[in-house]
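Listed below are the residues making up each chain.
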Amino acid sequence: MRAERPIVSYPERQSWKQRLTSRTIGGFAWAIWLYLWLPVLSTVLWILGLRTAYIHIVRAPDERSLLLIFVIMLICNVIVSGWSSYNYLRFVGNTKRRGTDVVPHEEVGRLFGVTDPAILSLLLHERRLNLYFNDAGALVRVDALEDLDVEQVPTEASTV
Amino acid sequence: MLKFFLNFAFYYPLAMAWFWIFGAINYYLRRERKGPTRTHPPELPYWPKATLVVPCHNEGDNVRETVAYLAEQDYPDFEIIAINDGSRDNTGSVLDELTTIYPKLRVLHFPKNQGKAMGLRMAALASNSEFLICIDGDALLDRYATRWLMWQLVTWPRVGAVTGNPRIRNRSSLLGRLQVGEFASIIGLIKRAQRTSGRVFTVSGVIAGFRRSALHRIGYWSTDMVTEDIDVSWRLQIDHWDIRYEPNALCWILMPETLRGLWKQRLRWAQGGAEVSRRYFKNLLVWRSRRMWPVMVEYISSAIWSYVMLVVLVFGLIGTIVPLPTWLSMPGPFPTWYGAMLGATCIVQFSISMLIDRRYEEQIGRLFFWIIWYPLAFWLLGMLTTVVGVPKAFSKKIGTRAVWESPDRGIR
């Protein structure tokens, strides 16, 4: 049976500055490591003739060149990331709306032109209702329909 | 000048694709990757009642299944309000029958077709809850969706609405499969990207949750807009409410599988976008509305792109028949690096979206083969519907009521 590994690892307990610093240093080290391989890379590229292709395609005097497209990609990323970071930093944890009250039902009814408490009660509690509107779209009549028993269910299609 | 427009026509779709890709990656890494899985939604601090709202117009064939799915929601306290909006089929009698099976179901009958917005308004009036979860009459709500939407609404008081993740059910034809790809690869990425930028263009009308007190402040849904979902989204955000995207709130929907059906649907969307931009443009010209600026800029530039691209295509076609002067000549058909990068961008976009999306649907990668058509179809259809929809929106008489038209629901 394998022993339990007594490892203590809580990277999330570091501050963001500590994390950023360690990642930057790590990334820098990788960059130096890659730099050491440059002579090998140069030899391979020279063999493949990529330098010639680079001069003719990437540095060609055509605005639809590969380079421009990569620039577009970079700009898109900078704009999206920048704007979203601004939004995140500016609005994260912002709870200005905490005080918004639940709207009472009478208030909702008033907005729709329904002030009669009896009609409001029908709307809230009845299970089947017919609603009638005038040509301007205002609610003018509400009829409650009786609850159906299973035996009362119509078998044929019908239009209300 | 001509060169500028040509460059705009060619580079705009490329740039937008990269905006969406980077935005979606940003969203995924920050909000999605380490989150709980769909079947294990987070616990809510408290469990207020929810009202599940289903406006129906001629949904007799679908509404049984729709209500059955609603009744199975994994949420402790909810009621269902179905609106039978002047249906000419048996929707009314089916709903009446369903009240005997599902005690939580209540039905509002409108003798005449009043439109979806009116149905939603009356449901808000009849609701016993502060929270409304609205779906369409042919949609099937995933068992955990209500909990996910309510979690967003209950936990964050700034949130006025939450839009869910519509998934296409009908995949019989190429058009159906293309739309599966569209919802995963384009709409999913756009929603995520817009969410990271702070504001969304619209909630999905087919699955969205709302806070009633937020709706009350803005006067609920407008009855005179062809796309009530875009309209309510803009007004909520102009009133500084947040709209969230909740990819775990799945809702299975039916989409058109005929070109005619698809055209009518997309034309309505294009007209709706233009109507909303026309009505609220002035409200956005203040610093306090700055978070809506990217949404507005994206909409206006898309509309301009549609017209520019149309002109480019027309001159390109003419150029193949009649020789044009040099200053009017279009680039040849040989794909330069632009073509290669566009192809690469498509593949990267699909791959990223599939990688993100496989959390929500198994074997989504099988559609990879089909959606290679999608970018062409998306931009072409978007271009044509915008070209037709914008003048329709600007010539429409303000205040005209929008009522139901039964959509194409694919091969059944």
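Provided above is the structure to which this section pertains.
Q: Is there a simple way to think about the overall build of chain B in this case?
A: Within chain B, the secondary structure is distributed over 12 helices and eight strands. Here the C-alpha atoms of chain B give a radius of gyration of 22 Å, agreeing with the 22 Å that 2.2 N^0.38 yields for 412 residues. Taken along the three principal axes of its C-alpha coordinates, chain B extends 75 × 50 × 50 Å. In chain B, which comprises 412 residues, the proportion classed as buried is 63%. By sequence separation, contacts in chain B at least 24 residues apart represent 84% of the contacts at least 6 residues apart. Accessible area for chain B stands at about 16,100 Å²; split by element, carbon and sulfur atoms hold 64% of it. Once the 49 positive and 33 negative side-chain charges of chain B are each reduced to a mean point, those two points are 7 Å apart.

Q: Hey, could you run me through the pattern of salt bridges in this one?
A: With the rule as written, the count across this model stands at 22 salt bridges over all chains. Between A:Glu107 and A:Arg110 there is a salt bridge whose closest N-O contact spans 3.3 Å. With A:Glu107 and A:Arg110 both in helix H5 (residues 105-111) and three residues apart, the pair spans about one turn of that helix. One salt bridge connects B:Glu182 with B:Arg266, and the closest N-O pair in it is separated by 2.7 Å. One end of the pair, B:Glu182, is in helix H6 (residues 174-196); the other, B:Arg266, is in helix H9 (residues 259-280), with 84 residues separating them in the sequence. Neither residue differs from the other here; B:Glu182 and B:Arg266 are each classed as buried.

Q: What is the right way to look at the interface of chain A and chain B in this model?
A: When the parts of a complex come together, some accessible area is lost, and that lost area is often taken as the interface size. With 66 residues of chain A at the interface, the matching set in chain B holds 66 residues. Interface area for chain A against chain B, summed over the two sides, is near 5,800 Å², with a carbon-plus-sulfur share of 64%. On inspection of chain A and its partner chain B, the count reaches one salt bridge. One salt bridge in this structure joins A:Arg128 and B:Asp96, with 2.8 Å as the shortest N-O distance. There are 16 residue pairs in polar contact (both at pLDDT 80 or more) connecting chain A and chain B. Looking at the side of chain A that touches chain B, the element that brings in the most residues is helix H4 (residues 66-91) of chain A, giving 19 residues. Both strand S1 (residues 128-133) of chain A and strand S3 (residues 105-110) of chain B contribute to a ladder of three bridges, which runs parallel. If you follow A:Arg128 over to S3(B), its bridge partner there is B:Val107.

Q: What exactly am I supposed to notice about the pairing of strand S2 (residues 78-85) of chain B here?
A: All names here are of chain B. Burial within S2 is extensive, with eight of its eight residues counted as buried. Burial of the side chains of S2 extends over both faces: Phe-78, Ile-80, Ala-82 and Asn-84 are buried on one face and Glu-79, Ile-81, Ile-83 and Asp-85 on the other. For the segment spanning strand S1 (residues 50-56), helix H2 (residues 63-71) and S2, crossover handedness is right-handed. Sheet topology note: the S2/S3 ladder contains six bridges and is parallel. Bridge pairing in S3 places Asn-84 opposite His-109. You can see the chain leave S2, run along helix H3 (residues 91-101) and come back into S3, and the turn it takes is right-handed.

Q: For this particular structure, what's the right way to read the sheet that holds S1(B)?
A: Sheet strands associate in pairs through backbone hydrogen bonding, adopting either a parallel or an antiparallel arrangement. What the 10 strands build is an open sheet, ordered S2(A)-S1(A)-S3(B)-S2(B)-S1(B)-S4(B)-S7(B)-S6(B)-S8(B)-S5(B); its pairing is mixed. With one partner strand each, in any of the chains shown, strand S2 (139-144) of chain A together with strand S5 (140-141) of chain B form the two edges of the open sheet. In this structure, strand S6 (residues 159-168) of chain B lies alongside strand S7 (residues 207-211) of chain B, joined through three bridges in antiparallel fashion. For B:Val162, the partnering residue across the bridge sits in S7(B) and is B:Gly209. Sitting on the sheet, helix H8 (residues 228-238) of chain B is in contact with S6, S7 and strand S8 (242-253) of chain B, with an inclination near 155 degrees to S8(B).

Q: What exactly am I supposed to notice about the packing of aromatic side chains here?
A: The description of an aromatic ring pair rests on the distance of the ring centres and on the angle between the ring planes. This structure, assessed with the given rule, holds 15 aromatic pairs over all chains. Relative to A:Tyr86, the ring of A:Trp83 has its centre 5.5 Å away and its plane inclined at 40 degrees; by these criteria the two rings are tilted. Remark: A:Tyr86 and A:Trp83 occur in helix H4; sequence separation between them is three residues, near one turn of the helix. The class of A:Trp83 is partly exposed, set by a relative accessible area of 25%. On the basis of relative accessibility, which here comes to 30%, the residue A:Tyr86 falls in the partly exposed class. With centroids separated by 6.2 Å and ring planes inclined at 50 degrees, the aromatic side chains of B:Tyr27 and B:Tyr245 adopt a geometry described as tilted. With a gap of 218 residues between them, B:Tyr27 in helix H1 (residues 2-32) and B:Tyr245 in strand S8 connect regions that are remote in the sequence. With relative accessibility at 3%, the residue B:Tyr245 sits in the buried group. Connected via pairs of aromatic rings, a cluster forms that spans B:Phe8, B:Tyr12 and B:Trp305. Over the ring of B:Tyr144 we find B:Arg143, and its NZ or CZ is 5.8 Å from the ring centre.

Q: I keep staring at the side chain of B:Ser213 and nothing clicks. Help me out?
A: Within the fold, B:Ser213 resides in helix H7 (residues 212-218). On the basis of relative accessible area, B:Ser213 is assigned to the buried category, the value being 4%. The residues contacting B:Ser213, other than those within four sequence positions of it, are A:Thr100, A:Asp101, A:Val103 and B:Glu130.

Q: Looking at this structure, I do not really get unusual backbone geometry. What am I missing?
A: Most peptide bonds are trans, and most residues other than glycine sit at a negative phi. Residues and elements named next belong to chain B. Here Asn-58, not a glycine, exhibits a phi torsion of approximately 55 degrees, which is positive. The backbone phi angle of His-240 is positive, close to 70 degrees, even though this residue is not glycine. As for its placement among the helices and strands, His-240 is situated in the loop between H8 and S8. Among the residues examined, His-240 registers a relative accessible area of 23% and is labelled partly exposed.

Q: For this particular structure, what's the right way to read the packing of H2(B) against H3(B)?
A: Packed helices, taken two at a time, are described by their axes: the angle between them and the distance between them. Residue and element names in this part refer to chain B. Where H2 meets H3, the closest approach of the two axes is 10 Å, and the angle between their N-to-C directions is 30 degrees. The angle between the axes of H2 and H3 places the two elements in the roughly parallel class. Crossing of H2 against H3: the hand is right-handed. Residues Val-63, Arg-64 and Val-67 of H2 pack against Val-94, Leu-95, Glu-97 and Leu-98 of H3. Of the residues belonging to the contact of H2 with H3, the class tally is five nonpolar, no polar and two charged.

Cut-offs used in this document
Residues numbered from 1 in each chain as written. Chains lettered and ligands numbered in written order. Predicted model: local features only at pLDDT ≥ 70, side-chain atom pairs only at ≥ 80, totals over all residues. Heavy atoms only, no water. Helix = DSSP H or I, 4+ residues; strand = E, 2+ residues; numbered from the N terminus. Rg over C-alpha atoms; globule rule 2.2 N^0.38 Å. Buried < 20%, exposed > 50% of the residue type's maximum accessible area, 1.4 Å probe, protein only. Contact = heavy atoms within 4.5 Å. Areas by Shrake-Rupley, 256 points an atom, 1.4 Å probe, with all protein chains shown as cover. Lys, Arg positive; Asp, Glu negative; His and termini not counted. Charge placed at Lys NZ, Arg CZ, Asp CG, Glu CD. Salt bridge = Lys/Arg side-chain N within 4 Å of Asp/Glu carboxyl O. Buried area = accessible area lost by both parts, 1.4 Å probe. Polar contact = N/O pair within 3.5 Å; in protein donor to acceptor, adjacent residues only side chain to side chain. Pairing = 2+ DSSP bridges. Right-handed = clockwise from strand over helix to strand, strands pointing away. Axes fitted to C-alpha atoms, helices over the stretch in contact; angles between N-to-C directions. Phe/Tyr/Trp six-rings, centres within 6.5 Å; stacked < 30°, edge-to-face > 60°. Lys NZ or Arg CZ within 6 Å of the ring centre and 35° of its normal. Parallel < 35°, antiparallel > 145°, perpendicular 65-115°, else oblique. Left-handed = near helix turned anticlockwise from the far one by under 90°. Nonpolar A, V, L, I, M, F, W, Y, C, P; charged D, E, K, R; others polar.

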